[in-house]
Amino acid sequence: MLRELLAKALSFRFLVLAAALVVAGIGGWTFANLPIDAYPDIAPTQVKIILKAPGMTPDEVETRILAPIEQEMLGLPKQAVLRATAKYAIADITIDFIDGTDIYWARQQVSERLAGVMGDLPAGVNGGLAPISTPLSELFMFTIDGPQSLEARRTVLDWTIRPALRTVPGVADVNALGGYVRTFEVRPDPLALGAAGLTMADVKAAVESGNRNDGAGRLANGENALIVRAVGAIKTLDDLRALVLHAPGGRVLRLGDVATISNGSLTRYGAVTADGHGETVEGLVIALRGADARKVVTGVKERLAELKHNLPPGMTINVFYDRSDLIARAVGTVEEALLEATILVVVLLVVFLGDWRAAAIVATTLPMAALICFILMRGWGLTANLMSLGGLAIAIGMLVDGAVVVVENVVERLSAARAEDQSPRLHHVFRATSDVIVPVSAGLLIIALVFLPLVSLEGLEGKLFAPVALTIIFALVAALLLALTLVPVLASLGLKSGVHGEPWLMRQLAPRYSALLGAAFARQKLVYGVAGLGLAAAVVAYGAVGKTFMPQMDEGSVIAQLVKSPSIGLAHSVAGDMAAQRVLKAKVPEVDRVISRVGADELGLDPMGLNETDTFITLKPQSEWRGSKEAIIEDMRHAMALLPGISASFTQPIEMRVSEMLTGSRGDLAVKIFGPDGATLGKLAGQIEGILKATRGATEVMTVANDRVDYLQIDIDRLAAGRAGLSVDAIEDTLRGQLEGVRAGVVAEGNRRIPIVMRGAGGVEANPAAFSDTLLRGADGQTVRLSDVAHVHPVAGPVKIDHENGSRYALVQAFVSGRDLVGYVEEAKAAVQAKVPMPAGYRVVWGGQFENQQRAAARLSLVVPAALLLIFFVLLATLRSLRAALLILVNIPFAMVGGIVALWAAGQYLSVPASVGFIALLGIAVLNGLVLVSYFRQLRAEGVPMAEAVRLGAERRLRPVLMTASITAFGLVPLLFATGPGSEIQQPLAIVVIGGLVSSTLLTLVLLPILFERFGESPEERANG
Amino acid sequence: MADVLLTLHCAAADAEVIGEALRAALQTPVHVRAEAVLGLDFSDATTAERVTARLDRRAIELVLPEGDIPEALGILGRVRRSGAVRWYTSAVLERGRVA
């Protein structure tokens, strides 16, 4: 079939050239229009339910909201994990579905079950499904600054900017944070109300029923009809004041007579501060899952530019996070590496082939394979990102292998063609190419096979590395197609017939190699000894190299997560944030902007407590830095240590969200202790926290399991309340009205919807004693104080309650630095097992990044041997010799020697990218072995004696073996020295492959001939040969 | 006059038109056979034939009186062809039909 393809390609050469041009055009267009992001879509199919329960404590949220919802959701089809968190006033439920589940189907399932249970939830609980977003969705953040009040800025954000940005294609929502949400505030005077014989409930009913515009139908008016419109909606504060509450005996009592009516604001659950100057308002653009991030950001920027002219004078939109910067830098890093690698490969081709025409033909494969790869990527639904483009950069050296073999053979054949040979030139090209079809396709098939295990990876590692593997496989398929079509066509048109001399480099290398080989054959025991020592060194190095999941990717921005006392109020928390901002700006000169977000956001996507702050730090350009980013973060850590009552941990925007998405927590390591009793969980969490802190490598270890927040508990005395004519319901409603406020409809102002909120008379929000004296009015008109009908006393309660699959758990999080994660976890695990006995019904689960590493290692230990078996079968089918196939596989451990030693020498950890490097190395080692062994066998078949066949074969195959190895290695050199975002992932891979290629090539060229001579043939074959 | 076997080797594309013309003019059965020729002269080979170095040829055979050869060659000359036609004759020693 491949021969047929080749014959057809050479028969229709100009058609092939035209098709190549068309494919290149389509590939170029595809690349320009390929959805682009910094990272692949790593989110599982996840549906989030966010419910707001104003005023409710975590205990109440757990029993009244989480419990019924969990009961309903557990057992959803295709469900993987159900996580839930109860915090003050917020219920956050996350349902992960198994990979591959359609997100819309999943949302429908959740939505249907949620609708069924919503009726059982307490009144006032509102919310629903969160937008279809992923951890990568937060792609554009800005503050709104200017001389206007926070309320005015928030109004512009809510009613001008947010609606405009939501219409940009790909935008799921715009989260509004900080500032004040304007309300129409009604504060009834309890004494005046009491004198009028009214309750808060009466006022609320009056406001709700006195605020409506409606139609009444049509009236005939002669030949015409009049549409009747009744106007009674509240528009202004005066309308509210004029609202009549009742008119006993013709004495009209207006709302303004018994209540203060003014502009107010909704109770705040969070705030935003910037640069230590004060509060501000923040907008956060959330993209839809699967949206093209670059296009969304472009759309958002265009829309903001349009809006700029309509903003009030002096108001500015200041962007502090723009994902397109990261995309440009991440993709730029890979593109730069690709370009540099291409240049290096072309130079190497010229040096090795000594023929610029041949080099140019081979080099054509690179852009063409990349362009075809882009078409296949689009067809497969892959985006262009750090990982997929990184795959292309990794493959660049391997892409030319097939073309090199074809062109080399064509050059050889054209040189060897005698003048009297009347066969057409095209036939020489055809024969030269068809002679190498099997090794070329088997070689590329082997390399594609070694990458297949990566496609089987699950979880985060699967989502990160499947695009790498797929891109490489696509590029290799494209390279094979080109090697058998375009390359021979170009060779037939471009290569000259006649004798081609050996290039300078080969003239230098060949005699030296010949001497080395001779010496090796003369001292075989020494060669075996050196190889054995190499293997021993690799075993030692493997033990010495730390293991981790992934190197940390530099996203550019830094996030400091601040945690304060759990009972802290908003005002003090904001003051603490600003102090932190001022310290950071004063002590760390590299800091440009500092924007802090405390508490919960408007959509509730990130429901933090008032004691939790995400501080977003943007840095000045790198040219202004004094040292590395690690040093800057260390400076920040020292600066933050100056602040009492604030503990800080450092992460990055995407990293933070990915951790939260995967484990519902932040940190490299998340230890979950499951069990029924909160106090026992807290005790166990405390013990484990202590062990984690004492284990070397821990930078920040934290748990909130033992944190207690202060509550003012009101135990209602049923007898006293009943005697006063007060129901529990009435008391609780009144109390909520005093502090949180009660919604009593909305006022429509153009497109704005301003809530009407009723609150207590004021003055009690900051005065617990006064709150205890809140006046309550019973049904019979009797007025009593709260303390008369309830026991009011302070207690401590949990900050938050976490559930996973319906079970309570306590979480201990740890950040690890300066040490490999696996080593840290193993040490900590052993200590916990020895020192913390688990009571019956309690268990510990170790998760976080560590869990990903363990899962990836387990999966690779299964699928890599399976891939090796497949390679063995391919070798067996190609060589038709069990001995030869086994000999080639023997080459693999020696390839690993250089990889592991290089990793150890570079001080890198054995991570998933490094494992990918070993996988690539495996393929290249097998390919080199195949090139050599198949030629030995060919020579033996031609009747060359064994001793001569191995020496002659090795010398003749020196060039292809050196070429494939050096081109692959040099193709990776740019990744070795790249410094942009993403280079952290590609560096370990490049180190492993380059190091491994050195040992593998050396041993292929020296050890393999010796081994083949000794073990390559059975005694019978040797006797027959 | 003795019968002879006239064998023509022509390009595959010309076989039908040559065969039809000879049959119509000479009123004799014409045998056409596909042949792959590992030839040496590629001057009139197609690109595909140059690639594989195998000439895709048709052998046309017909038995006719020796005296009709000039007429047959004349017909060949008149028929529109894409490539050269090589020919030779061989003696037919005996012939017959067994039913």
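Everything quoted here is computed from the prediction, not taken from an experiment.

### Thoughts on the overall build of chain A
Item 1. Each helix and strand in chain A was counted, giving 35 helices and 30 strands.
Item 2. C-alpha atoms of chain A, sized along the principal axes, occupy 130 × 85 × 55 Å.
Item 3. Buried residues in chain A amount to 56% of all 1025 residues.
Item 4. Per element, the accessible surface of chain A, about 41800 Å² overall, is 58% carbon and sulfur.
Item 5. Between the averaged position of the 91 positive side-chain charges in chain A and that of its 96 negative side-chain charges there is a distance of 5 Å.

### Description of the sheet that holds strand E1 (residues 3-11) of chain B
Strand pairing in a sheet relies on backbone hydrogen bonds, with the paired strands running either antiparallel or parallel.
All names here are of chain B.
Item 1. Taken in spatial order, the 4 strands make up an open sheet running E2-E3-E1-E4, and their pairing is antiparallel. Lying at the two open borders of the sheet, with one neighbouring strand each, are strand E2 (31-37) and strand E4 (86-91). Averaged over neighbouring strand pairs, the angle between their axes works out to 25° when direction is ignored.
Item 2. Helix-sheet contacts for helix H1 (residues 15-26) involve E1, E2 and strand E3 (55-65), and the interaxial angle to E3 is about 5°.
Item 3. Sheet strands in contact with helix H3 (residues 69-78) are E1, E3 and E4, and its direction is about 15° off that of E1.

### Regarding the packing of aromatic side chains
All names here are of chain A.
Item 1. In this structure the tally under the stated criterion is 10 aromatic pairs over all chains.
Item 2. Here the aromatic rings of Phe-320 and Phe-616 are separated by 5.2 Å at their centres, their planes lie at 70°, and the arrangement is edge-to-face. Here the residue Phe-320 occupies a position in strand E15 (residues 316-322), and Phe-616 occupies one in strand E18 (residues 612-619), the gap between them amounting to 296 residues.
Item 3. With a relative accessible area of 6%, Phe-616 lands in the buried category.

### Things to note about the side chain of Lys672(A)
Residue and element names in this part refer to chain A.
Item 1. Structurally, the position occupied by Lys-672 is in strand E20 (residues 669-674).
Item 2. Overall, Lys-672 belongs to the buried group, its relative accessible area being 8%.
Item 3. Among the polar contacts listed, one links the side chain of Lys-672 to the side chain of Glu-804, at a separation of 2.6 Å.

### Topic: the interface of chain B and chain A
Item 1. On the side of chain A, 9 residues touch chain B, which itself brings 8 residues to the contact.
Item 2. For the pair chain B and chain A, the summed buried surface comes to about 740 Å²; carbon and sulfur atoms form 71% of the total.
Item 3. The three residues of chain B that bury the most area against chain A are Thr47(B), Arg50(B) and Val51(B), which together make up 55% of that side's buried surface.
Item 4. Summed over the shared surface of chain B and chain A, the result is 0 salt bridges.
Item 5. Our count for the contact surface shared by chain B and chain A stands at 3 residue pairs in polar contact (both at pLDDT 80 or more).
Item 6. Its residues assigned to classes, the side of chain B that touches chain A shows 5 nonpolar, 2 polar and 1 charged.

### Notes on the packing of helix H15 (residues 437-455) of chain A against helix H29 (residues 849-879) of chain A
Two quantities define a packed helix pair, namely the angle between the axes and the distance from one axis to the other.
Residues and elements named next belong to chain A.
Item 1. Here H15 crosses H29 at 170°, and the two axes come no closer than 8 Å. It follows that H15 is roughly antiparallel to H29 by the angle criterion. On H29, the residues touching Val-438, Ala-442, Leu-445, Ile-446, Leu-449, Val-450, Pro-453 and Leu-454 of H15 are Leu-860, Val-863, Val-864, Ala-867, Leu-870, Ile-871, Val-874, Leu-875 and Thr-878.
Item 2. Of the residues that constitute the contact of H15 with H29, the class distribution is 16 nonpolar, 1 polar and no charged.

### Side note on the nonpolar core
Residues and elements named next belong to chain A.
Item 1. Of all hydrophobic cores here, the largest spans 222 residues; its most connected members are Ile-161, Leu-349, Phe-451 and Phe-465.
Item 2. Of all the elements, helix H13 (residues 386-416) adds the most residues to this core, at 18 residues.
Item 3. Once you skip the residues sitting within four places of it in the chain, Ile-161 turns out to touch Phe-142, Ile-144, Val-156, Leu-304, Leu-307, Leu-311 and Ile-317.
Item 4. Formed by 27 residues, the second largest nonpolar core is a distinct cluster that contains Val-61, Leu-76, Ala-91 and Ala-106.

### Re helix H25 (residues 728-739) of chain A
All names here are of chain A.
Item 1. Under the 1.5 Å per step criterion, the end-to-end length of H25 is 17 Å for 12 residues, consistent within 8% with the ideal 16 Å.
Item 2. Inspection of H25 places Ile-731, Thr-734, Leu-735, Gly-737 and Gln-738 among the buried residues, and these make up the whole buried set. When H25 is viewed along its axis, its buried side chains cluster within an angular range of 160° and face the same direction.
Item 3. Downstream of H25 by one or two residues, Gly-741 has phi in the positive range, about 95°.

### Comments concerning the confidence of the model for chain A
Item 1. Scored by pLDDT, chain A comes out at a mean of 85, with 97% of its residues at no less than 70.
Item 2. Within chain A, the lowest mean pLDDT, 71, falls on helix H35 (residues 1019-1024) of chain A, and the highest, 93, falls on helix H2 (residues 13-33) of chain A.

### Let's talk about the sheet that holds strand E12 (residues 259-265) of chain A
Residue and element names in this part refer to chain A.
Item 1. Here 4 strands make up an open sheet; going across it, the order is E12-E7-E24-E23 and the pairing mixed. Of all strands in the sheet, those with a lone pairing partner are E12 and strand E23 (742-749), marking the two edges. Pairwise comparison of adjacent strand axes, ignoring direction, gives a mean angle of 25° for this sheet.

### Quick notes on the packing of helix H16 (residues 459-484) of chain A against H29(A)
Residues and elements named next belong to chain A.
Item 1. Running from N to C, H16 and H29 point in directions that differ by 65°, and their axes come no closer than 8 Å. Regarding the angle of H16 to H29, the classification is roughly perpendicular. Across the interface between the two elements, Gly-459, Leu-460 and Glu-461 from H16 touch Asn-852, Arg-855 and Ala-856 from H29.
Item 2. Taken together, the residues of the contact of H16 with H29 break down into 2 nonpolar, 2 polar and 2 charged.

### A look at the domain arrangement of chain A
Item 1. Split by domain assignment, chain A resolves into domain 1 (1-33 + 354-501), domain 2 (44-132), domain 3 (134-181 + 266-330), domain 4 (186-263) and domain 5 (502-544 + 881-1025).
Item 2. On a C-alpha basis, the centroid separation for the pair domain 1 of chain A and domain 3 of chain A is 47 Å.

### As for the environment of Asp158(A)
Residue and element names in this part refer to chain A.
Item 1. By the secondary structure assignment, Asp-158 is in helix H5 (residues 150-166).
Item 2. Distance in space between the C-alpha atoms of Asp-158 and Val-477 is 51 Å, their sequence separation being 319 residues.
Item 3. With sequence-adjacent residues up to four places away left out, Asp-158 is seen in contact with Pro-163, Ala-176 and Val-181.

What counts, and where the lines are drawn
- Residues numbered from 1 in each chain as written.
- Chains lettered and ligands numbered in written order.
- Predicted model: local features only at pLDDT ≥ 70, side-chain atom pairs only at ≥ 80, totals over all residues.
- Heavy atoms only, no water.
- Helix = DSSP H or I, 4+ residues; strand = E, 2+ residues; numbered from the N terminus.
- Buried < 20%, exposed > 50% of the residue type's maximum accessible area, 1.4 Å probe, protein only.
- Areas by Shrake-Rupley, 256 points an atom, 1.4 Å probe, with all protein chains shown as cover.
- Lys, Arg positive; Asp, Glu negative; His and termini not counted.
- Charge placed at Lys NZ, Arg CZ, Asp CG, Glu CD.
- Pairing = 2+ DSSP bridges.
- Axes fitted to C-alpha atoms, helices over the stretch in contact; angles between N-to-C directions.
- Contact = heavy atoms within 4.5 Å.
- Phe/Tyr/Trp six-rings, centres within 6.5 Å; stacked < 30°, edge-to-face > 60°.
- Polar contact = N/O pair within 3.5 Å; in protein donor to acceptor, adjacent residues only side chain to side chain.
- Buried area = accessible area lost by both parts, 1.4 Å probe.
- Salt bridge = Lys/Arg side-chain N within 4 Å of Asp/Glu carboxyl O.
- Nonpolar A, V, L, I, M, F, W, Y, C, P; charged D, E, K, R; others polar.
- Parallel < 35°, antiparallel > 145°, perpendicular 65-115°, else oblique.
- Core = buried A, V, L, I, M, F, W, Y, C linked by side-chain atoms within 4.5 Å.
- Expected span 1.5 Å × (residues − 1).
- Arc of directions from axis to C-beta.
- pLDDT = per-residue confidence, 0-100.
- Domains from an automatic or database assignment.

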